[in-house]
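Per-entry structural report
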Amino acid sequence: MSHYVYIYSLKSANNHWYRSFRFGPSVYIRTKRLSMNTHFEVLANYYAYDFEDLSPGIDSYSIRYISCEDSSSIVLGRNLSLQTKVKIRYYEQGMLFWGEFAESPQNSSNENFFKAIIFYNTDDDMSFGFGARYFLINQKNIGLYSMNSSAYYQISYAPETILNINFDSGISIEFRGWYEFQKTKNDKNFREIPNLLLLTRINI
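Structural notes, computed from the coordinates. Small disclaimer: the values here were computed from a predicted structure and weren't measured. (Residues numbered from 1 in each chain as written. Predicted model: local features only at pLDDT ≥ 70, side-chain atom pairs only at ≥ 80, totals over all residues. Heavy atoms only, no water.)

**Concerning the pairing of strand E10 (residues 171-184)**
Inspection of the sheet shows strand E9 (residues 152-166) paired to E10 by eleven bridges, in the antiparallel sense. Across the sheet, residue Glu 160 finds its bridge partner in E10, namely Trp 178. Counting the residues in the hairpin turn of E9 and E10 gives four residues, including Gly 170, whose phi is positive at 100°. When E10 meets strand E11 (residues 191-202), the two strands line up antiparallel, connected through twelve bridges. Looking at the pairing, Ile 171 lines up with Ile 202 of E11. Taking the residues between adjacent antiparallel strands as the criterion, E10 and E11 are bridged by six residues. (Pairing = 2+ DSSP bridges. Helix = DSSP H or I, 4+ residues; strand = E, 2+ residues; numbered from the N terminus.)

Dropping the structure here:
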């Protein structure tokens, strides 16, 4: 919890209290064939302005979300493994009435991300993988603002490939590429977007 106070009176309309409540448990599992790291989070942020009753156009607001993230690795064979990543988040923002500890929801956002890659590890410090990824975001107005039709969504999916090379000198190089098929609310057809990422690590 913190209180922001501006010294100069010309900016005092922005004086506000910031309160944040967070609950974030995690689960770690590691066995001979399975490694899993799962994190849950519930977060609520409240911004209450000191002089909102005297300053038109300045309203207190809240931001809340609940999310779940998971990274897992499963050994399928001597040189074969499956790696997955999942992220799910639901977000809401609304007008805040701190005195009554109530709010009027304004908009929400739902995000989903899934990725699965099968890796093959060679015996000479090299591995390559192939899989797919999927992403969806859906934003809309809710509560009293649901009559407003301003909504947005984006969906995309892509095949993905990864190549990792580790050198005896301690340098490692990763090539990552995915060919994305993306579509938004206003698109009639999917757009095709190629992506290429080069990552180099040097141990000092």
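This is not the end of the story, as more comes after the structure.
**Some remarks on the nonpolar core**
The nonpolar side chains of soluble globular proteins are, as a tendency, buried together. In terms of nonpolar packing, the biggest core is built from five residues, these being Leu 43, Tyr 47, Ile 63, Tyr 65 and Tyr 91. At the level of secondary structure, the elements contributing two or more residues to this core comprise strand E4 (34-49) and strand E5 (61-75). (Core = buried A, V, L, I, M, F, W, Y, C linked by side-chain atoms within 4.5 Å. Buried < 20%, exposed > 50% of the residue type's maximum accessible area, 1.4 Å probe, protein only.)

**Looking at the packing of aromatic side chains**
The full count for this structure, using the stated rule, is eleven aromatic pairs. Here the aromatic rings of Tyr 46 and Phe 101 are separated by 5.5 Å at their centres, their planes lie at 50°, and the arrangement is tilted. Within this pair, whereas Tyr 46 is found in strand E4, its partner Phe 101 is found in the loop between strand E6 (80-97) and strand E7 (102-121), the two being separated by 55 residues in sequence. Classification of Tyr 46 as buried rests on a relative accessible area of 10%. An aromatic cluster is built from Phe 21, Tyr 46, Trp 98 and Phe 101, whose rings are joined through pairwise contacts. Note that Arg 133 overlies the ring of Trp 178, its terminal NZ or CZ placed 4.1 Å from the centroid. (Phe/Tyr/Trp six-rings, centres within 6.5 Å; stacked < 30°, edge-to-face > 60°. Lys NZ or Arg CZ within 6 Å of the ring centre and 35° of its normal.)

**Digging into the pairing of E7**
For E6 and E7, the ladder comprises 18 bridges, and the chain directions are antiparallel. Bridge pairing in E7 links Gly 94 to Pro 105. Hairpin connection of E6 to E7: four residues between the antiparallel strands, including Phe 101 at a positive phi of 50°. Note: E7 against strand E8 (residues 126-141), 15 bridges, orientation antiparallel.

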